[in-house]
Amino acid sequence: LSEGKSSGTYLREVIEEFERRVNPIVIGYREHSNPKYMIDYAKEREVKLIDIDHVKKTFHEIHKEIMRYLKSNNIYISIDADVLDPSQCPGVNSISPDGLFLRELREMLRNIISIQGVRILGADIVEIVPKKDLGDLCIRNMALITLDLIKYFITSG
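## A word on helix α5 (residues 102-113)
Here's step 1: Over its 12 residues, α5 runs 16 Å from end to end, which matches the ideal 16 Å to within 8%, given 1.5 Å per residue.
Here's step 2: Here α5 has its buried residues at Leu-102, Glu-104, Leu-105, Met-108, Leu-109, Asn-111 and Ile-112.
Here's step 3: Contacts made by the buried residues of α5 are with β1 (25-29), α3 (52-58), α4 (62-69), β3 (74-80) and α6 (137-156).

Structure below.
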C-alpha cells in the first residue's frame, strides 16, 4: 500500500538501502496524521517511534532516552518541519495539530548536541512549502534551527 511519494518516503528508502547499518528514531510523530501501514512498516523495520505526547511530557529529558536506542554515537539529524505546531510552522504539506513549539525543538536539539561523545555527521530540514507559509513563519523558524546546527558544526570541529 502507498499513496506514492510522501514525507515518509525518504525514511523507507534509507532503511531499504542501508538495511541494518542504520537505526532510525522518529521523534514527535503523530499517529493521527500517519497512515497505519506506514507506522506498521516502521515498527516491522525496528524504527523507534516516539510519539508527540511522550515527547511533550519528557522533552527536557528525551535526549537521554534517544541515546539508549542508538547503536552508535554518530548521528544524522533530519527535521521534518511539520513536527512543529501549525501555529509555529504553517508552511508544510501535512499540517497536523498539537506539534512542538520552536523553543521545545531548540531545547531538544541543544540537549542532543551537548551529550558527551555524540558526533553529528550531518543534518537536514525537510517539508517546508513556501507557498503555504503565512508570513514566512515556518521559514524563519527553520532558519533559526539551521543557525543552531551551523553553530554546532563550526564549534565542534
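## Here we look at the pattern of salt bridges
Here's step 1: With the rule as written, the count across this model stands at 5 salt bridges.
Here's step 2: Where Lys-56 meets Asp-98, a salt bridge forms, and the shortest distance between an N and an O atom there is 2.9 Å. Separated by 42 residues along the polypeptide, Lys-56 in helix α3 and Asp-98 in the loop between β3 and α5 bring together distant segments of the chain.
Here's step 3: Here Asp-98 falls in the partly exposed class, since its relative accessible area comes to 35%.
Here's step 4: Note that Asp-148 is salt-bridged to Arg-106, the shortest N-O span being 2.7 Å. Here Asp-148 is found in helix α6, whereas its partner Arg-106 is found in helix α5, with 42 residues between them in sequence.
Here's step 5: Note on Asp-148: relative accessible area 14%, which makes it buried.

## Things to note about the packing of α5 against α6
Here's step 1: Between α5 and α6, whose axes approach to 11 Å, the crossing angle comes to 15°. Regarding the angle of α5 to α6, the classification is roughly parallel. Like other packed secondary-structure pairs, α5 and α6 cross with a definite hand, here right-handed. Facing α5, whose interface residues are Leu-102, Leu-105, Arg-106, Leu-109 and Ile-113, α6 presents Asn-141, Met-142, Leu-144, Ile-145, Asp-148, Leu-149 and Tyr-152.

## Here's the deal with the packing of aromatic side chains
Here's step 1: Going through the model one piece at a time under the given rule, you end up with 1 aromatic pair.
Here's step 2: Relative to Phe-153, the ring of Tyr-152 lies with its centre 5.2 Å away and its plane at 70°, an arrangement referred to as edge-to-face.
Here's step 3: Judged by its relative accessible area of 35%, Phe-153 is partly exposed.
Here's step 4: Cation over ring: Arg-12 sits above Tyr-41, and NZ or CZ is 3.8 Å from the ring centre.

Conventions and cut-offs
- Residues numbered from 1 in each chain as written.
- Predicted model: local features only at pLDDT ≥ 70, side-chain atom pairs only at ≥ 80, totals over all residues.
- Heavy atoms only, no water.
- Helix = DSSP H or I, 4+ residues; strand = E, 2+ residues; numbered from the N terminus.
- Expected span 1.5 Å × (residues − 1).
- Buried < 20%, exposed > 50% of the residue type's maximum accessible area, 1.4 Å probe, protein only.
- Contact = heavy atoms within 4.5 Å.
- Salt bridge = Lys/Arg side-chain N within 4 Å of Asp/Glu carboxyl O.
- Axes fitted to C-alpha atoms, helices over the stretch in contact; angles between N-to-C directions.
- Parallel < 35°, antiparallel > 145°, perpendicular 65-115°, else oblique.
- Left-handed = near helix turned anticlockwise from the far one by under 90°.
- Phe/Tyr/Trp six-rings, centres within 6.5 Å; stacked < 30°, edge-to-face > 60°.
- Lys NZ or Arg CZ within 6 Å of the ring centre and 35° of its normal.

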